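Structural description and commentary
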Amino acid sequence: MDRTPFYITTPIYYVNSVPHLGTAYTTIAADALARYRRMTGHDVFFLTGLDEHGQKVAQAADENGMTPQAWVDSIAPKFQEAWDMLDITYDDFIRTTEPRHERASQKLMQTLKDNGYIYQGHYEGWYCVPDETFYTEEQLVEGTCPGCGRDVQFIREDNWFFKLSAFQDRLLELYHDNPTFVQPDTRRNEVLSFVEGGLRDLSVSRTTFTWGIPLPFDPEHVMYVWFDALINYMTAVGYGSDDPADVARFERFWPADVHFVGKDIIRFHCVIWPAMLMAAGLPVPKQVFAHGFLLTKGEKMSKSKGNAITPASLVERFGVDAYRYYFLRDVQFGSDGSISIESMVQRYNGDLANDWGNLCSRLLNMTEKYCEGVVPARPHAADATSDDDEVRAIAEGLPAAYEAAMSRLDYVSALEGAWSLVKRVNRYIEDSAPWGLAKSEETRPRLDAVLYNALEAVRISALFISPVMPNTSADVWRRLGVSADVREVTDLAAAAGWGGLAPGSQVTKGDALFQRIVEE
Ligand code: MSP
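I will try to describe carefully the structure that is included in this document. Please read these numbers as outputs of a predicted model, since none were measured by experiment. (Residues numbered from 1 in each chain as written. Predicted model: local features only at pLDDT ≥ 70, side-chain atom pairs only at ≥ 80, totals over all residues. Heavy atoms only, no water.)

Spatially, the 6 strands line up as an open sheet ordered β3-β2-β1-β12-β13-β7, and their pairing is parallel. With partners counted over all chains shown, the strands left at the sheet margins are β3 (92-95) and β7 (182-183), one partner each. Across 8 bridges, strand β1 (residues 5-14) lies against strand β2 (residues 43-51) in parallel orientation. Counterpart to Thr-9 in the pairing with β2 is Leu-47. (Pairing = 2+ DSSP bridges. Helix = DSSP H or I, 4+ residues; strand = E, 2+ residues; numbered from the N terminus.)

In this section: the site of the ligand. In the vicinity of the ligand there are 24 residues, among which Ile-12, Asp-51, Gly-262, Asp-264 and Met-301 approach most closely. Contacts to the ligand include Leu-294, whose backbone N or O atom sits 2.9 Å from a nitrogen atom. Sort the elements by how many residues they give to the shell around the ligand and helix α7 (residues 225-235) lands first, with 5 residues. (Near = heavy atom within 4 Å. Polar contact = N/O pair within 3.5 Å; in protein donor to acceptor, adjacent residues only side chain to side chain.)

What follows is about unusual backbone geometry. Following Gln-183, the chain continues to Pro-184 via a peptide bond in cis, the omega torsion being -10°. Within the fold, Pro-184 resides in the loop between β7 and α6 (185-196). Here the amide bond leading from Trp-254 into Pro-255 is cis, since omega sits at 5°, within 30 degrees of zero. With respect to the secondary-structure elements, Pro-255 resides in the loop between α8 (244-253) and β12 (258-262). Unusually for a residue other than glycine, Asp-87 sits at a positive phi of about 55°.

Before going further, it helps to spend a moment on the sheet that holds strand β8 (residues 202-203). Spatial strand order, β5-β4-β6-β8: 4 strands in an open sheet with antiparallel pairing. With one partner strand each, in any of the chains shown, β5 (133-135) and β8 form the two edges of the open sheet. Bridge count between strand β4 (residues 118-128) and β5: 3 bridges; the pairing is antiparallel. In the strand pairing of β5, Tyr-127 is matched with Phe-134.

Moving on to the pairing of strand β6 (residues 153-162). As paired elements, β4 and β6 share 10 bridges and run antiparallel to each other. Looking at the pairing, Tyr-123 lines up with Glu-157 of β6. The pairing of β6 with β8 spans 2 bridges and is antiparallel. Within β8, the residue paired with Phe-162 across the bridge is Leu-202.

Here the focus is helix α1 (residues 21-39). In this model, α1 (19 residues) spans 27 Å end to end at C-alpha, consistent with the 27 Å of a helix rising 1.5 Å per residue. Of the residues one or two after α1, Gly-41 is the one with positive phi, at around 85°. (Expected span 1.5 Å × (residues − 1).)

Next up on the list: the packing of helix α4 (residues 99-114) against α7. Interhelical geometry of α4 versus α7 gives an angle of 110° and a closest axis separation of 9 Å. The orientation of α4 with respect to α7, classified from their angle, is roughly perpendicular. Contacts from Arg-100, His-101, Ala-104, Ser-105, Leu-108, Met-109 and Leu-112 of α4 reach α7 at Phe-227, Asp-228, Ile-231, Asn-232, Met-234 and Thr-235. Residue composition of the contact of α4 with α7, grouped by class: 7 nonpolar, 4 polar and 2 charged. (Axes fitted to C-alpha atoms, helices over the stretch in contact; angles between N-to-C directions. Parallel < 35°, antiparallel > 145°, perpendicular 65-115°, else oblique. Contact = heavy atoms within 4.5 Å. Nonpolar A, V, L, I, M, F, W, Y, C, P; charged D, E, K, R; others polar.)

Here we take up the packing of aromatic side chains. Taken as a whole and assessed by the stated rule, the structure comprises 36 aromatic pairs. Between Phe-289 and Phe-333 the ring centres are 5.5 Å apart and the planes differ by 15°, which places this aromatic pair in the stacked class. Of this pair, Phe-289 sits in strand β13 (residues 288-291) while Phe-333 sits in the loop between α11 (320-330) and β16 (337-338), placing them 44 residues apart in sequence. When sorted by exposure, Phe-289 lands in the same class as Phe-333, which is buried. Ring centres 5.1 Å apart and planes at 75° place the aromatic pair Tyr-326 and Phe-327 in the edge-to-face group. Grouping residues by exposure puts Tyr-326 and Phe-327 together as buried. An aromatic cluster of three or more residues is present, and its members are Tyr-7, Phe-45, Tyr-233, Tyr-239, Phe-250, Phe-253, Trp-254 and Trp-273. (Phe/Tyr/Trp six-rings, centres within 6.5 Å; stacked < 30°, edge-to-face > 60°. Buried < 20%, exposed > 50% of the residue type's maximum accessible area, 1.4 Å probe, protein only.)

Right, here's the structure in full:
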């Protein structure tokens, strides 16, 4: 059976510093979607990587007394290590200094030139190096960058320009015809009003520094870093290569299904990028989804502001799965959200240790104690009580509810859906009191039915929790004696079918999934 392709990207990160909570956030969200889409049978291609050119990276290299290439080579493994630590299942890790990317970027640039959208001009204006963005005098706020508030530099150069202004109508048509091209709606409105205000042509080359990709038709100029960076999304699926396998891959995966980005970089992704593709006669991505900023004490977290906690320190304290859970559960994806150690401890103790971890331990314990650790027989549907039916109905409603949430990248709702089952099963156990049922032979059949239903609901909960917390879910399936690995499910509908848990399987209790954290 041919699986439907599904192409997911994260931004490619600047290698001016090491990965932090902000970059990890985008990457985890993209990974949870990649894992979920694999479960729904898609042929997923999940791309992440590094933006290695530009002045900002060159400056970082200089400050560290290294050549730009040596510097990026020294930082790249730190990103890969961080993503491995966070269990990110990327399919490709692109670096813009790779030959395949130079080839693709030059091909696109040449195509735009051939199509009449690149011309020579003179640029005079301001440039923000940390944001790698051009600004006009009027755009500055008290003489500083309107994006990040830092100092800007004046540049005066002969550059090549891209006729962005020619695309205003076609872009507006795109947003109109495809209302979910930019999501969430607040971002869509922002992009709409920006484009409605008129577009200026964009300077796309630089001559005053050399750390970039030379223009194919004027090698004295290097490409503006954002211009080369955006092209990475096509490079990775084969653009620019004549190899028939690459050509086929590009056909299969382009256009991308979703570009994950932060709200600070939507103009590049929702205005410049589609215009570049239109100018080249190529299809535009299906969606750009912008998430908000993680804030600490009301301020954007960033390395330069010195309020960055490292992902590694949190993973050490809470574990990978809880880390992934916290950021996707506590911050509505698409909005800004405050994060703190206190709220992380709260989520951990409440949702993970109490609701989910305790449910698993109690149930496995009781199965060991009352059923010799063996999953009891499937109860007859005819004997089901209204409580049994309710638990089953929630489980059977999960696939549709989860799909609806994930197709909007609403991780909070998706997880709440899974938790509605977890919480209902906790109550089910309280109400049916297996410890009482175990006291007499007469109530033995009811005891078996209750334990089977609860174990089955736990198996299904673990399935839906797995895109966010793959390791604990795999562990829960193992403890339930399920022979498959939850991380390898490719037919979610079948796997989520009620009654899938095999009677007679041997369960194992194991240690607590999440040890309660006592705050110092
Ligand atoms: N290199 C460009 C992207 C090029 S994509 C063709 C870039 N890199 S970046 O490393 O500066 O930032 C990458 C992403 O991290 C952005 O989407 C940004 O929003 C995100 N975050 C950085 N700090 C953040 C927070 N404090 N909170 C959430 N995400 C933020 O931009």
